[in-house]
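# Notes for the structure review
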Amino acid sequence: MLEEVTARATEAEARARDAAEARDSLVSSFDQLKADREWMCDHGIGHIVGTILDAPENAAAVNELKERAREAGFKAGYN
């Protein structure tokens, strides 16, 4: 009986250790995703959008998009 209890306790400890490792890995991944998201919000998105909108090869499409937005009643936008 004692051997059975010991075996169950050992198995439970192993599962708890595995769960803790998985949790730590997920927390680390989540923290990295949060940091990446914050960087994108602070730096990346605006720069990427600005670069796309300012690219000479996109000028006609951007102008058409702005015109259609104005026609649809939007007053603010990319200038």
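Before reading on, note that the structure itself is shown above.
First things first, this report covers the structure right here in the doc. (Residues numbered from 1 in each chain as written. Predicted model: local features only at pLDDT ≥ 70, side-chain atom pairs only at ≥ 80, totals over all residues. Heavy atoms only, no water.)

Turning our attention to helix H2 (residues 59-71). With 13 residues, H2 should cover 18 Å at 1.5 Å per step; its first-to-last C-alpha distance of 18 Å lies within 8% of that length. Positive phi appears at Gly73, one or two residues downstream of H2, with a value of about 100°. (Helix = DSSP H or I, 4+ residues; strand = E, 2+ residues; numbered from the N terminus. Expected span 1.5 Å × (residues − 1).)

This part is about the pattern of salt bridges. Scanning the model with the defined rule gives five salt bridges in all. With a closest N to O distance of 3.3 Å, Arg8 and Glu4 form a salt bridge. Of the two residues, Arg8 and Glu4 both sit in helix H1 (residues 2-54), four residues apart, roughly one turn of that helix. Glu67 is paired through a salt bridge with Arg70; the nearest N and O atoms lie 3.9 Å apart. With Glu67 and Arg70 both in helix H2 and three residues apart, the pair spans about one turn of that helix. Judged by its relative accessible area of 38%, Glu67 falls in the partly exposed class. (Salt bridge = Lys/Arg side-chain N within 4 Å of Asp/Glu carboxyl O. Buried < 20%, exposed > 50% of the residue type's maximum accessible area, 1.4 Å probe, protein only.)

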